[in-house]
Number of protein chains: 2
Amino acid sequence: MEQLLDILKKNQLSVTAGRKKILELFLSSPGALAHADIEKNTDAAFDRVTVYRTLQTFVDKGIIHNIPTSDNSILYALCKDKCEQGHHHDNHVHFICDKCNKTICLDDVTIPEVRLPKGFRPKHAEMVVSGVCDDCK
Amino acid sequence: MEQLLDILKKNQLSVTAGRKKILELFLSSPGALAHADIEKNTDAAFDRVTVYRTLQTFVDKGIIHNIPTSDNSILYALCKDKCEQGHHHDNHVHFICDKCNKTICLDDVTIPEVRLPKGFRPKHAEMVVSGVCDDCK
DNA sequence: TACGAGATTGCAACATTAGTGCAAATATCT
DNA sequence: AGATATTTGCACTAATGTTGCAATCTCGTA
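From a predicted model like this one, the values you see are computed outputs, not experimental measurements.

(A) Focus on the overall build of chain A. Along chain A, the regular secondary structure elements total 4 helices and 6 strands. Its helices and strands taken in sequence order, chain A reads α-α-β-α-α-β-β-β-β-β from the N to the C terminus. Rg of the C-alpha trace for chain A: 16 Å, near the compact-globule value of 14 Å for 137 residues, within the 12% margin. Counting all 137 residues of chain A, 45% fall into the buried class. Across chain A, contacts joining residues at least 24 apart in sequence account for 51% of those joining residues at least 6 apart. Of the accessible surface of chain A, which amounts to about 7800 Å², a share of 46% is contributed by carbon and sulfur atoms. Placing the 18 positive and 19 negative side-chain charges of chain A at their respective mean positions leaves the two points 5 Å apart.

Below is the structure:
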């Protein structure tokens, strides 16, 4: 609970019920969350628009980052220590379980470097592995 | 042009104007295409629904595959030889250029294996690198 | 503790993107 | 060319995301 306030204050965000609740969800969730998950888990206590804006604020501040997916959903997950405003460092692999459909941040698995063709300047890399997770195996 | 018919026939698809045009677009495009790109490039000659259905059919048949993106867009790109119905083998890296915003299949760059934590069974991996492409550097 | 400026929220309306059923049109095979 | 099965387009519905603005809330200051 202290952690919640810490994070919000560290990012110069005023503490509101919505931000507390949504941040709490992320802190207590092992995986990534979609907008829809958040609405479900808050019993729609907050307006859709508020959720959108809160997520956007959190991304801007570097509290959460989004994860690429092949379908058209946007997933969000907590950033680790090294993320700051406008400067994300989430260079870990994400895992999507085909059975339970959860997305999990593998914080200890860093994205390997790849050799690109001539002329390509890489700046950022994302890697998503899908399969069966530890819980579902 | 022969190639077009070949691909369609090989996949037991009847040859229609829409499928020809859309497949032609993919064959002549260096990068990935979104639904919107296709509508633009065909001057809306085909119904939106037809485009959706055609893309879905192509994915099902293994002619194209979709590419994960961090925003909420769905991108499609041609599959290479080894893709068959219900069985994609597009294990190459995708590159998104921050300047021209194009998505390019780096067919020669294969996705490296990663060591996952205990209990995780990987089945498929996606990797997207962003930065500046050869044309924009 | 009460106040006020500024930030945040909720509502309503709007915009975009995607999916479905069904009748009309088209492709394929003979 | 004609029959059959597939494909297309239209109308409708649904889900998802965005914007303006008034009401509400937060936080520093008194």
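Alright, that's what it looks like, and here's the rest.
(B) Molecular detail of the interface of chain A and chain B. Contact residues are listed per partner, giving 37 residues for chain A and 37 residues for chain B. In this assembly, chain A packs against chain B so that about 3100 Å² is buried in total across both faces, 65% of it on carbon and sulfur atoms. Where chain A touches chain B, the interface holds 0 salt bridges. In this assembly, chain A and chain B are joined by 9 residue pairs in polar contact (both at pLDDT 80 or more). Of all the elements in the fold, those that place two or more residues in the side of chain A that touches chain B are strand 2 (64–67), strand 5 (103–110) and strand 6 (121–132) of chain A. Broken down by element, the side of chain A that touches chain B gets its largest block of residues, 12 residues, from strand 6 of chain A. Split by residue class, the side of chain A that touches chain B holds 20 nonpolar, 8 polar and 9 charged.

(C) Geometry of the protein's contact with DNA strand D. Every one of the 18 residues lining DNA strand D counts as a neighbour, but Val 15 of chain A together with Thr 16, Arg 19, Thr 50 and Arg 53 of chain B are closest to it. When atoms of DNA strand D within 4 Å of the protein are sorted by moiety, sugar and phosphate together comprise 64%. One of the side-chain N or O atoms of Arg 48 of chain A is found 3.0 Å from a base nitrogen in DNA strand D. Looking at the surface near DNA strand D, the elements that each hand over two or more residues are helix 4 (48–61) of chain A together with helix 4 (48–61) of chain B. A per-element tally of the surface near DNA strand D places helix 4 of chain A first, with 4 residues. Per-class residue counts for the surface near DNA strand D are 7 nonpolar, 6 polar and 5 charged.

(D) Structural view of the relation of the copies chain A and chain B. If you rotate chain A by 180 degrees and push it 0.1 Å along the axis, it lands on chain B with an RMSD of 0.1 Å. Expressed as an axis order, the relation between the two copies is that of a two-fold axis. Here 100% of the contact residues of chain A are again contact residues in chain B; the copies associate through an equivalent surface.

(E) Focus on the sheet that holds strand 3 (residues 75–78) of chain A. Residue and element names in this part refer to chain A. As summarised here, the arrangement of the 3 strands in space is 1-3-2, forming an open sheet in which the pairing is antiparallel. Only two strands of the sheet have a single partner each, and these edge strands are strand 1 (33–34) and strand 2. Both strand 1 and strand 3 contribute to a ladder of 2 bridges, which runs antiparallel. The partner of Leu 33 across the bridge, within strand 3, is Tyr 76. On the sheet, helix 2 (residues 17–28) packs against strand 1, strand 2 and strand 3 and is oriented at approximately 80 degrees with respect to strand 3.

Procedures and definitions
Residues numbered from 1 in each chain as written. Chains lettered and ligands numbered in written order. Predicted model: local features only at pLDDT ≥ 70, side-chain atom pairs only at ≥ 80, totals over all residues. Heavy atoms only, no water. Helix = DSSP H or I, 4+ residues; strand = E, 2+ residues; numbered from the N terminus. Rg over C-alpha atoms; globule rule 2.2 N^0.38 Å. Buried < 20%, exposed > 50% of the residue type's maximum accessible area, 1.4 Å probe, protein only. Contact = heavy atoms within 4.5 Å. Areas by Shrake-Rupley, 256 points an atom, 1.4 Å probe, with all protein chains shown as cover. Lys, Arg positive; Asp, Glu negative; His and termini not counted. Charge placed at Lys NZ, Arg CZ, Asp CG, Glu CD. Buried area = accessible area lost by both parts, 1.4 Å probe. Salt bridge = Lys/Arg side-chain N within 4 Å of Asp/Glu carboxyl O. Polar contact = N/O pair within 3.5 Å; in protein donor to acceptor, adjacent residues only side chain to side chain. Nonpolar A, V, L, I, M, F, W, Y, C, P; charged D, E, K, R; others polar. Near = heavy atom within 4 Å. Least-squares fit on C-alpha atoms with pLDDT ≥ 70 in both. Pairing = 2+ DSSP bridges. Axes fitted to C-alpha atoms, helices over the stretch in contact; angles between N-to-C directions.

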